[in-house]
Amino acid sequence: MRRGPGPDGGVRPVKVVLEADGGSRGNPGPAGYGAVIRDAATGELLAERSSGIGVATNNVAEYSGLLAGLRAAAELGADEVQVRMDSKLVVEQMSGRWQVKHPALQPFAAEARTLVKEFARVTFDWIPRERNKEADRLANEAMDDQAAGPARKSTPARWTGAQGSPTRILLLRHGQTPLSVERRYSGRGEPPLTPLGEKQALAAAARLAAMSTVDATTPIISSPLGRARQTARAVADATGGSVDVHNGLTETDFGAWEGLTFAEAAARDPELHSRWLADTSVPPPGGESFDEVHRRVRKTRDELVATHGGKTIVVVSHVTPIKSLLRMGLDAGPALLFRLHLDLASLSIVEFYPDGNASVRLVNDISHHPTA
């Protein structure tokens, strides 16, 4: 492939392939885009672009990905661009076969046409979603960054110098149960998911299945308790995967307080309940202390990392085990258990590196929750 002088005096690619994508969790909802630029002759990765764009529609996010990719191609000094997208609408509109009727999209299309004029030739091709995985991955990571807020935008692993490929754990809390509705201690009991809990599980499953790093081969590991297994089964049905059970992911044993409200447990054992709130080494009557849970979950974490090192896995569990894993990722003390809130069917993400470093990527994301 012929190459010519670039803006910095070096060589530049004459033709590049641009793959772009965008997405919205809610349509409109939290949105982001991703774009990948490769040398058309060698397949060499030349540039990546991604960003969250606030609340927007899928189509706005897709156009945003296209614009970012075209700008990057221009910066590289490319003459020709072959655009590949899984958005039929954007491809057809930019090819001139469909009109841009929606007022919100007209400025994006106009800007894209202006950028297109900077190149000798630009073509637009539709590709299936499975062939656009890299751009889709970048778009989803941008949405995850946005949901996590400013803290995640400076990737902790880069600052700590973490080495190696991390084990990425997607932490999903189970859906609603009758005990969670009434705010009762729910440990080793077996309350089923409510109808809303089932909807939450399905919505979370769809969210996970849409991630570029999750497919039928992604391990799904669940607590043995029924409410977690119901939720995990929804994930498996959505991804085509299978569920394995790990006893180490079960919820705290609340002993005699199982099924009681906070007020009822405090009235039953006032002195013990006060000590339990102040000291994580104190167990409920006949139950398990938070320190014991933390040790159990740490051992489980070590086993999962040893078995699935460097991979992405889905863990479906409960409040205390998930908080314990996030606590390990943050290297935080036990106070985190009382100060961190986790909603039902919420998604959190933590990565553990082989050199001992860790990175918490997302906490308590519920953007996928059903609206009714």
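Residues numbered from 1 in each chain as written. Predicted model: local features only at pLDDT ≥ 70, side-chain atom pairs only at ≥ 80, totals over all residues. Heavy atoms only, no water.

J.: What is the right way to read the side chain of Ser324 from this model?
T.: Structurally, Ser324 is set in helix α13 (residues 319-330). We classify Ser324 as buried; its relative accessible area is 1%. Ignoring anything within four residues of it in the chain, the contact list for Ser324 reads Val293, His294, Val297 and Leu337. (Helix = DSSP H or I, 4+ residues; strand = E, 2+ residues; numbered from the N terminus. Buried < 20%, exposed > 50% of the residue type's maximum accessible area, 1.4 Å probe, protein only. Contact = heavy atoms within 4.5 Å.)

J.: What exactly am I supposed to notice about the sheet that holds strand β6 (residues 80-85) here?
T.: Backbone-to-backbone hydrogen bonds join strands into a sheet, with any given pair of strands oriented parallel or antiparallel. What the five strands build is an open sheet, ordered β5-β4-β3-β6-β7; its pairing is mixed. Each edge of the sheet is formed by a strand with only one pairing partner; in this case those strands are β5 (45-56) and β7 (121-126). Sheet twist, expressed as the average angle between the axes of neighbouring strands with direction ignored, equals 20°. Here β6 pairs with β7 via six bridges, running parallel. Bridging across to β7, Arg84 finds its partner in Asp125. Relative to the sheet, helix α1 (residues 58-76) contacts β3 (15-24), β4 (29-39), β5, β6 and β7, its axis offset from that of β3 by approximately 155°. (Pairing = 2+ DSSP bridges. Axes fitted to C-alpha atoms, helices over the stretch in contact; angles between N-to-C directions.)

J.: So what exactly am I meant to see when it comes to the packing of helix α12 (residues 290-308) against α13 here?
T.: Two quantities define a packed helix pair, namely the angle between the helix axes and the distance between the axes. With their axes 9 Å apart at the nearest point, α12 and α13 run at an angle of 70° to one another. When the axis of α12 is compared with that of α13, the two are roughly perpendicular. The hand of the α12/α13 crossing is right-handed. For the pair α12 and α13, the contacting residues are Phe290, Val293, His294, Val297, Arg298 and Arg301 in the first and Thr320, Pro321, Ser324, Leu325, Arg327 and Met328 in the second. Its residues assigned to classes, the contact of α12 with α13 shows six nonpolar, three polar and three charged. (Parallel < 35°, antiparallel > 145°, perpendicular 65-115°, else oblique. Left-handed = near helix turned anticlockwise from the far one by under 90°. Nonpolar A, V, L, I, M, F, W, Y, C, P; charged D, E, K, R; others polar.)

J.: Would you take a moment to explain the sheet that holds strand β9 (residues 220-222) for this structure?
T.: Read from one edge to the other, the open sheet built from six strands follows the order β10-β9-β11-β8-β12-β13, with strand pairing classed as mixed. The sheet is open, and its two edges are formed by β10 (243-245) and β13 (358-365), each paired on a single side. Between one strand axis and the next, the sheet turns by 25° as a mean value, whatever way the strands run. Bridge count for β9 against strand β11 (residues 312-317) is three bridges, and the pairing is parallel. If you follow Ile220 over to β11, its bridge partner there is Val314.

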